[in-house]
Amino acid sequence: MKKTKTKSTYRNNPIIETRTSRNRIVAVFLAIFLGGIGIHKFYLGKAGWGIIYFIFSWTFIPALLGFFEGIYYLMMSDKEFEKNYS
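These remarks concern the structure in this document. The shown structure was predicted, so the numbers you read here are calculated from the model rather than taken from an experiment. (Residues numbered from 1 in each chain as written. Predicted model: local features only at pLDDT ≥ 70, side-chain atom pairs only at ≥ 80, totals over all residues. Heavy atoms only, no water.)

## Section: the overall build of the chain
Across its full length, the chain carries five helices and zero strands. What you see in the chain, going N to C, is helices and strands ordered as α-α-α-α-α. For the chain, buried positions account for 26% of its 86 residues. Relative to all contacts within the chain whose residues are 6 or more apart in sequence, the contacts with residues 24 or more apart total 53%. (Helix = DSSP H or I, 4+ residues; strand = E, 2+ residues; numbered from the N terminus. Buried < 20%, exposed > 50% of the residue type's maximum accessible area, 1.4 Å probe, protein only. Contact = heavy atoms within 4.5 Å.)

Okay, structure coming up:
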């Protein structure tokens, strides 16, 4: 019997592809200005951490962490950001 090679129909289908590209500058602004309620974590796909930030938003701790994370994202290279958050 002869085996035939078949192409996968899912390989290049843009609807099925779930990997999204996130913008580093958007993440920086969200972390600095809305980091106190965890919006940047939701944007980066870390919903669990976003919920924790939102729960503790009445304290000043998530806002402070968000500010420092925004600075950290700003200092990252685009390649490193893509590797970590895409």
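## Remarks on helix H1 (residues 24–34)
Helical periodicity: at 3.6 residues per turn, an α-helix aligns residues three or four positions apart in one direction. Listed in full, the buried residues belonging to H1 are Arg24, Ala27, Val28, Leu30 and Ala31. Where H1 is buried, its residues contact helix H2 (39–43), helix H4 (61–75) and helix H5 (78–85). Between a side-chain oxygen at the N-terminus of H1 and the backbone nitrogen of Ile25 the separation is 3.0 Å; the capping residue is Asn23. (Polar contact = N/O pair within 3.5 Å; in protein donor to acceptor, adjacent residues only side chain to side chain.)

## Some remarks on the nonpolar core
With eight residues, the main nonpolar core is built from Ala27, Val28, Ala31, Leu44, Tyr73, Met76, Phe81 and Tyr85. Breaking this core down by element, the ones donating at least two residues are H1 and H5. The element best represented in this core is H1, accounting for three residues. Ignoring sequence-local partners within four residues, the contact set of Tyr85 consists of Arg22, Leu44, Lys46, Tyr73 and Met76. (Core = buried A, V, L, I, M, F, W, Y, C linked by side-chain atoms within 4.5 Å.)

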